[in-house]
Amino acid sequence: MSTLEFTAKVQDGKIEVPEAYRRLLQNIDCVKITIISNSRTTEVGMIAHLIHNPIPLKTFVPLTREEAHERG
């Protein structure tokens, strides 16, 4: 496995591979992409959805401080 690293701008959801690396990818059918963005994502998955939209339960009783910190 070899690794290439470069910075690219995203345009319409597409990332253009720099010319210098294109020939290295000519005979490759599949690659693994890892995206690291400088922008901060405010919502990630189901946990964020539930934080913003909690499910109301009639029978919910929150733990007391002692119960929450109980070890056992």
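Residues numbered from 1 in each chain as written. Predicted model: local features only at pLDDT ≥ 70, side-chain atom pairs only at ≥ 80, totals over all residues. Heavy atoms only, no water.

1. With respect to the overall build of the chain
- Per the secondary structure count, the chain includes three helices and two strands.
- Listing the helices and strands of the chain from first to last along the sequence gives β-β-α-α-α.
- Relative to a compact globule of 72 residues, whose C-alpha radius of gyration would be 11 Å, the chain shows 23 Å and is clearly more extended.
- The dimensions of the chain, computed from C-alpha atoms along their principal axes, are 60 × 35 × 25 Å.
- Looking at the 72 residues of the chain, the share that counts as buried comes to 1%.
- Total accessible area on the chain stands at roughly 8200 Å², and carbon and sulfur atoms take up 53% of it.
- Separation between the mean location of the 9 positive side-chain charges and that of the 9 negative ones in the chain comes to 3 Å. (Helix = DSSP H or I, 4+ residues; strand = E, 2+ residues; numbered from the N terminus. Rg over C-alpha atoms; globule rule 2.2 N^0.38 Å. Buried < 20%, exposed > 50% of the residue type's maximum accessible area, 1.4 Å probe, protein only. Areas by Shrake-Rupley, 256 points an atom, 1.4 Å probe, with all protein chains shown as cover. Lys, Arg positive; Asp, Glu negative; His and termini not counted. Charge placed at Lys NZ, Arg CZ, Asp CG, Glu CD.)

2. Some points on the confidence of the model for the chain
- The share of residues in the chain with pLDDT of 70 or more is 93%, and the mean pLDDT across the chain is 87.
- Mean pLDDT values for the elements of the chain range from 84 in helix H2 (residues 45-52) up to 94 in helix H3 (residues 65-68). (pLDDT = per-residue confidence, 0-100.)

3. Description of the pattern of salt bridges
- According to the stated counting rule, one finds two salt bridges in the structure shown.
- Across the salt bridge formed by arginine 22 and glutamate 16, the nearest N and O atoms sit 2.5 Å from each other.
- Residue class for glutamate 16 comes out exposed when judged on its relative accessible area of 56%.
- Between glutamate 19 and arginine 22 there is a salt bridge, with its nearest N and O atoms 2.9 Å apart. Pair noted here: glutamate 19 and arginine 22 are both in helix H1 (residues 19-22), with a separation of three residues, about one helical turn.
- Overall, the relative accessible area of 59% leaves glutamate 19 in the exposed class. (Salt bridge = Lys/Arg side-chain N within 4 Å of Asp/Glu carboxyl O.)

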